[in-house]
Amino acid sequence: MHSIDQLCKEFGLTRYSLSKKSGVNDSTLANLVTRNTDVDNMKIGTIKKIAKAVGLSIDELVEKLESYKKE
């Protein structure tokens with residue numbers, strides 16, 4: 001499972017609801033998952049919007065997304 005999907009699961013969101021809440025286009029989130037994009041390759045603007053939507057700092061979000069890879 002991609003880290004974006006794991007994040008959504010943890011916060012009780014769908015990709016669509018994360019899209020609406022963060023302002024990141026739904027197709028962008030889908031492409032991140034489909035292309036199995038690593039957090040290191042995500043645009044900072046995308047990370048910033050997602051972090052704000054789930055109430056985390058950028059550092060906390062990156063740490064969380066990295067931790068999902070280890071599971």
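Fair warning: this is a prediction, and the values are worked out from it, not measured in the lab. (Residues numbered from 1 in each chain as written. Predicted model: local features only at pLDDT ≥ 70, side-chain atom pairs only at ≥ 80, totals over all residues. Heavy atoms only, no water.)

Asks: Any chance you could break down the pattern of salt bridges for me, citing the residues and the numbers?
Replies: The tally for this structure, following the rule as stated, stands at four salt bridges. Its salt-bridge partner being Asp 38, residue Lys 69 comes within 2.8 Å of it at the nearest N-O pair. On the criterion of sequence distance, the pair formed by Lys 69 in helix H5 (residues 58-70) and Asp 38 in the loop between helix H3 (26-34) and helix H4 (44-54) is long-range, its members being 31 residues apart. Here Glu 66 ties to Lys 69 by a salt bridge, and the two come within 3.0 Å at their closest N and O atoms. In this pair, Glu 66 and Lys 69 both sit in helix H5, three residues apart, roughly one turn of the helix. Its relative accessible area of 46% is what places Lys 69 among the partly exposed residues. Taken together, the shared-partner salt bridges in this structure form one network comprising Asp 38, Glu 66 and Lys 69. (Salt bridge = Lys/Arg side-chain N within 4 Å of Asp/Glu carboxyl O. Helix = DSSP H or I, 4+ residues; strand = E, 2+ residues; numbered from the N terminus. Buried < 20%, exposed > 50% of the residue type's maximum accessible area, 1.4 Å probe, protein only.)

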